[in-house]
Amino acid sequence: MDIVFVEHDDNDKFRDVRLRNKFSSVINSLESRLLAVYTELNESVLSAARISIMDATSVIDCTCCTRNKNNKNLFFIKMVFSSSNDAVEMLIHKLCHVMQYLSGQLDAGSSESELTWKGEKFILSDIEPHRMPWERDAILNALTLHKYYMASSSST
Ligand SMILES: [Zn+2]
């Protein structure tokens, strides 16, 4: 996976090299584990992915993860930093959405207002965020991956 930090003008946490390095190391240390969790994936699919990460704390936007329409290897993740959330946990959650797209579980619908999950179409306005099956899947898998990350980072 190729990780790009998008820099912008205001309130940009990613000017901090330590934070960028931390995020890169989280993603790198989870690569093999992601393949174990998302078994439909393989190494070549994973290595072709390019993820742009932006600090969107100052932007009111709850989008978890978006995929570029023209180049399906390009993903965009917006991070919101606050004292009440764990940035690493949030990063791993969003990484799960990237994996859902790459593995074909999650796919764009025929319009912006819908998504397809495992072949089933969902109208986004009809369903509360916490009931969306891809959110439940990401929350569960992120929990497993976060535990793995914490265990592996404390043993080194
Ligand atoms: Zn999510």
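A brief structural summary. (Residues numbered from 1 in each chain as written. Predicted model: local features only at pLDDT ≥ 70, side-chain atom pairs only at ≥ 80, totals over all residues.)

It is worth spelling out the pairing of strand E7 (residues 120-123) at this point. Pairing of strand E6 (residues 114-117) with E7 involves 4 bridges; the strand directions are antiparallel. Opposite Leu115, over in E7, you have Phe122 as the bridge partner. Counting the residues that bridge the hairpin from E6 to E7 gives 2 residues, and of these Lys118 lies at a positive phi of roughly 45°. (Pairing = 2+ DSSP bridges. Helix = DSSP H or I, 4+ residues; strand = E, 2+ residues; numbered from the N terminus.)

Before going further, it helps to examine helix H4 (residues 133-154). Every α-helical turn comprises 3.6 residues, leaving residues that sit three or four positions apart pointing alike. Look at H4: 32 Å from first C-alpha to last across 22 residues, which is about the 32 Å you get at 1.5 Å a residue. Within the span of H4, buried status applies to Trp134, Ala138, Asn141, Ala142, Leu145 and Tyr149. Mapping the buried residues of H4 onto a view down its axis gives an arc of 120°, with all of them on the same face. More than 90 degrees from the buried face of H4, the exposed residues found are Arg136, Ile139, Leu140, Lys147, Met150, Ala151 and Ser154. (Expected span 1.5 Å × (residues − 1). Buried ≥ 20, exposed ≤ 12 C-beta atoms within 10 Å, placed from the backbone. Arc of directions from axis to C-beta.)

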